[in-house]
Protein chains: 4
Amino acid sequence: MHLMTHTIRDKKRLLARIRRIRGQAEAVERALESEAGCETVMHLIAGMRGATAGLMAEIVEDHVRTHLVDHHKHPGALNEDAAEQLLDVVRSYLK
Amino acid sequence: MHLMTHTIRDKKRLLARIRRIRGQAEAVERALESEAGCETVMHLIAGMRGATAGLMAEIVEDHVRTHLVDHHKHPGALNEDAAEQLLDVVRSYLK
Amino acid sequence: MHLMTHTIRDKKRLLARIRRIRGQAEAVERALESEAGCETVMHLIAGMRGATAGLMAEIVEDHVRTHLVDHHKHPGALNEDAAEQLLDVVRSYLK
Amino acid sequence: MHLMTHTIRDKKRLLARIRRIRGQAEAVERALESEAGCETVMHLIAGMRGATAGLMAEIVEDHVRTHLVDHHKHPGALNEDAAEQLLDVVRSYLK
């Protein structure tokens, strides 16, 4: 199991992201409740999707940097360039 | 402006979907709060993303069937086969 | 069956797009043949994917504008605003 | 720079994949040349897109397993479970 040993700052940022997404979900719910136009609903959902992809990209980045290698046991073992190339690809798909 | 003139049944189904997504967002928030493992968080977000894509696919389908043609003014004008082909493509991307 | 009754100009543009994609596929093949680095291969594939999404978006746009309604039989039946809203969503997913 | 030090078998498999994709691009080109229906063209492009995503997923997997850690210098440093969790997420997005 990989505990997310992020700094307090990271945790705050991730929580701010998911709370924004929750707020977007609530806005979609209100739009559906009030029978807003499809255009409105589609835009709200597209925004929620983009925010969700952004959160996933950030979690994946943390995962790659923090958990693929145990930096205490194997300092310097993670190839930073290779990790960055991987994250470039991940980000290009998570848009 | 296109009001979503869905049947009551449609509205209920869409509301059930977005409420499930809101619940998924809350589960992600709780997982981040409690510093659950990345694996857990990534799976929860992946599930939320899939549900969001499913909701979007359903809204797009309603939009295509209901709003591209005013069925009162132009009955029979929407080519059903062409609409179905379009929705096949949309669904293949919204997974 | 829906023949693609595009103008000559459209056809030329679509052919230019798919030929570029074929060229990108050939570049990936050469890179794999010559055992180029993963970074190179991943970038080439990401480019090919983007170009493929762009071609699909263009075909979908043609399909929506040309085939959802038979414009000879039902002139003015396609709601242009609703079509544009649909295409906005499609484009946001085909990136 | 990370040379792709795959086995001969891996290289053959990747080459078979990209050649299939090149063949799919050629089929799209022929379909556009002969003014095949949108439905045909959209299905061919969707197939090409899926195959491209599959190739990317395989390259990313090779990259993660082979290049994130120099296994000669740092044997055992890559956390296999964490790598597998990452690849699960990557595969879910590369469909």
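Residues numbered from 1 in each chain as written. Chains lettered and ligands numbered in written order. Predicted model: local features only at pLDDT ≥ 70, side-chain atom pairs only at ≥ 80, totals over all residues. Heavy atoms only, no water.

K.L.:
Which residues make up the interface of chain D and chain C, and what values do they have?
P.N.:
Facing the 34 residues of chain D at the interface are 34 residues of chain C. Summing the contributions of chain D and of chain C, the shared interface buries around 3200 Å²; its carbon and sulfur component is 75%. With a closest N to O distance of 2.9 Å, Glu29 of chain D and Arg19 of chain C form a salt bridge. Across the contact surface, chain D and chain C share ten residue pairs in polar contact (both at pLDDT 80 or more). Mapped onto the side of chain D that touches chain C, the elements with two or more residues apiece are helix H1 (8-33) and helix H2 (38-67) of chain D. With 14 residues, H2 of chain D is the largest single contributor of residues to the side of chain D that touches chain C. Residue classes in the side of chain D that touches chain C are distributed as 21 nonpolar, five polar and eight charged. (Contact = heavy atoms within 4.5 Å. Buried area = accessible area lost by both parts, 1.4 Å probe. Salt bridge = Lys/Arg side-chain N within 4 Å of Asp/Glu carboxyl O. Polar contact = N/O pair within 3.5 Å; in protein donor to acceptor, adjacent residues only side chain to side chain. Helix = DSSP H or I, 4+ residues; strand = E, 2+ residues; numbered from the N terminus. Nonpolar A, V, L, I, M, F, W, Y, C, P; charged D, E, K, R; others polar.)

K.L.:
Provide a residue-level description of the interface of chain B and chain A, including the pertinent values.
P.N.:
Each side of the interface is counted separately: chain B has 34 residues, and chain A has 34 residues. Where chain B abuts chain A, roughly 3200 Å² becomes buried across the two surfaces, and 75% of that area is made up of carbon and sulfur atoms. At the level of elements, helix H1 (8-33) and helix H2 (38-67) of chain B are the ones that each hand at least two residues to the side of chain B that touches chain A. Class assignment of the residues belonging to the side of chain B that touches chain A gives a composition of 21 nonpolar, five polar and eight charged.

K.L.:
A description of the relation of the copies chain D and chain C should follow, citing residues and the corresponding values.
P.N.:
When chain D is fitted onto chain C, the two copies agree to an RMSD of 0.0 Å after a turn of 180° and an axial shift of 0.0 Å. Put plainly, the chains are arranged around a two-fold axis. Among all residues of chain D, the minimum C-alpha distance to the rotation axis is found for Arg22 of chain D, at 3.0 Å. Mapped onto chain C, 100% of the interface residues of chain D are again interface residues, and the two copies thus contact each other with one and the same surface. (Least-squares fit on C-alpha atoms with pLDDT ≥ 70 in both.)

K.L.:
Just give me the short version of the relation of the copies chain B and chain A, but keep the residues and values in it.
P.N.:
Structural alignment of chain B on chain A gives an RMSD of 0.0 Å, achieved by rotating through 180° and translating 0.0 Å along the axis. Looking at the interface residues of chain B, 100% of them are also at the interface in chain A, so both copies use one shared face.

K.L.:
Go over the environment of Glu80 of chain A, please, and point to the residues and values.
P.N.:
In this fold, Glu80 of chain A is placed in helix H3 (residues 80-93). For Glu80 of chain A, a relative accessible area of 48% translates into the label partly exposed. (Buried < 20%, exposed > 50% of the residue type's maximum accessible area, 1.4 Å probe, protein only.)

K.L.:
If you had to explain the environment of Ala83 of chain A to someone new, which residues and values would you point to?
P.N.:
By the secondary structure assignment, Ala83 of chain A is in helix H3. For the pair formed by Ala83 of chain A and Leu68 of chain A, sequence separation is 15 residues and the distance between their alpha carbons is 9.8 Å. Not counting chain neighbours up to four residues away, the residues in contact with Ala83 of chain A comprise Val64 and Leu78 of chain A together with Leu68 of chain D.

K.L.:
Describe the packing of aromatic side chains, naming the residues involved and giving the relevant values.
P.N.:
Applying the stated rule across the entire model yields zero aromatic pairs over all chains. Between Arg49 of chain A and the ring centre of Tyr93 of chain C, over which it is positioned, the NZ or CZ distance is 3.8 Å. (Phe/Tyr/Trp six-rings, centres within 6.5 Å; stacked < 30°, edge-to-face > 60°. Lys NZ or Arg CZ within 6 Å of the ring centre and 35° of its normal.)

K.L.:
Any details on helix H3 (residues 80-93) of chain B? Residues and values, ideally.
P.N.:
Residue pairs spaced three or four apart in an α-helix point in one direction, given the helix's 3.6 residues per turn. For H3 of chain B, spanning 14 residues, the distance from its first C-alpha to its last is 20 Å, which sits close to the expected 20 Å at 1.5 Å a residue. The complete set of buried residues in H3 of chain B reads Ala82, Ala83, Gln85, Leu86, Leu87, Val89, Val90 and Tyr93 of chain B. At its buried positions, H3 of chain B is contacted by H2 of chain B, helix H2 (38-67) and helix H3 (80-93) of chain C together with H2 of chain D. With a side-chain oxygen lying 3.0 Å from the backbone nitrogen of Asp81 of chain B, the N-terminal cap of H3 of chain B falls on Asn79 of chain B. (Expected span 1.5 Å × (residues − 1).)

K.L.:
A description of the packing of H2 of chain C against H3 of chain C should follow, citing residues and the corresponding values.
P.N.:
Residue and element names in this part refer to chain C. Running from N to C, H2 and H3 point in directions that differ by 165°, and their axes come no closer than 11 Å. Between H2 and H3, the angle falls in the class roughly antiparallel. Judged by the sense of rotation from one axis to the other, the crossing of H2 with H3 is right-handed. Taking contact as the criterion, the partners of Val60, Glu61, Val64 and Arg65 in H2 are, on H3, Glu80, Ala83, Glu84, Leu86, Leu87, Val90 and Arg91. Residue classes in the contact of H2 with H3 are distributed as six nonpolar, no polar and five charged. (Axes fitted to C-alpha atoms, helices over the stretch in contact; angles between N-to-C directions. Parallel < 35°, antiparallel > 145°, perpendicular 65-115°, else oblique. Left-handed = near helix turned anticlockwise from the far one by under 90°.)

K.L.:
Lay out the pattern of salt bridges in plain terms, naming residues and giving numbers.
P.N.:
The full count for this structure, using the stated rule, is 56 salt bridges over all chains. Measuring nitrogen to oxygen at the nearest pair gives 3.3 Å for the salt bridge that ties Arg13 of chain B to Asp10 of chain B. Within this pair, Arg13 of chain B and its partner Asp10 of chain B are both found in helix H1, separated by three residues, close to a single helical turn. By relative accessible area, which is 37% here, Arg13 of chain B ends up partly exposed. Of the charged contacts, one joins Arg19 of chain C and Glu33 of chain D as a salt bridge, the two residues approaching to 2.7 Å between their closest N and O atoms. Remark: Glu33 of chain D occurs in helix H1 and Arg19 of chain C occurs in helix H1 (residues 8-33); the pair is interchain, linking two chains. Given the relative accessible area of 37%, Arg19 of chain C is considered partly exposed.

Take it as geometry only, folks, not as evidence of what the structure does.
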